[in-house]
Amino acid sequence: MKHFFFMMFLSALVVEAQAKTPSRAAIVSCLSAQSTSKSVKWSPLPTEKIYSEDDYLEGFNAIYYIKSGNKPIGYAERGHVKAVIYGNQLFSIAQAHPLAGFHTRPTELDPFAADWATVADQTGTYVCISFPYGDLGQSGSFQKNRSAYLIAIGERNGPRILYSATGNLDALQMNRGQQK
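Residues numbered from 1 in each chain as written. Predicted model: local features only at pLDDT ≥ 70, side-chain atom pairs only at ≥ 80, totals over all residues. Heavy atoms only, no water.

1. Considering the sheet that holds strand β5 (residues 81-86)
Here 5 strands make up an open sheet; going across it, the order is β2-β3-β4-β5-β6 and the pairing antiparallel. Of all strands in the sheet, those bounded by a partner on one side alone are β2 (51-57) and β6 (89-92). In this sheet, adjacent strand axes meet at a mean angle of 30° when their direction is disregarded. Relative to strand β4 (residues 71-78), strand β3 (residues 60-68) runs antiparallel, the two sharing 7 bridges. Bridge pairing links Asn61 to Glu77 in β4. (Pairing = 2+ DSSP bridges. Helix = DSSP H or I, 4+ residues; strand = E, 2+ residues; numbered from the N terminus. Axes fitted to C-alpha atoms, helices over the stretch in contact; angles between N-to-C directions.)

2. A short note on the sheet that holds strand β11 (residues 162-168)
Across the sheet, which stays open at both edges, the 6 strands sit in the order β1-β8-β9-β10-β11-β7 with mixed pairing between neighbours. With one partner strand each, in any of the chains shown, β1 (41-44) and β7 (97-98) form the two edges of the open sheet. The pairing of strand β10 (residues 145-153) with β11 spans 7 bridges and is antiparallel. When the sheet's bridge partners are listed, Ala148 is paired in β11 with Ala165. Where helix α2 (residues 24-32) meets the sheet, it contacts β1, β8 (115-121), β9 (124-132), β10 and β11, and its direction lies at approximately 125° from that of β10. (Contact = heavy atoms within 4.5 Å.)

Here's what the structure looks like:
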């Protein structure tokens, strides 16, 4: 019986290690499309050359993708189904996991208006796709409303997860100051 509980405990630790989520600092930096903390490195991905391809993968049309190293990173559609591309995988936007404290669903992703980058800190390195929150984010005070998708990259055990976040940058910065 002790062996059984030890194995359950060990399994929980392994699942926790595989499902590590981005830190709040990494999320806010991603949403901001710049580093907002000394502990986070935000690096833009090269978007000088953009590709598109019909019937890219699993019937999806790659509307927009770039190549970072040998990995395609981008956006694809199959009818009403939207997905983020990373490597040879598609991640359904509808299935994105909202990050803790960021439960508002992002609006439609326009890949041409998005900032494509990586964010890295002590929790790992993530592809970061940051974009204005719908039409609200285009002008005036609403420019501070942003949405983002993040995917952990690098060496991983277990499946990759697409995370989502939406927030007002001014409110997030105020909350960060209160958490200290």
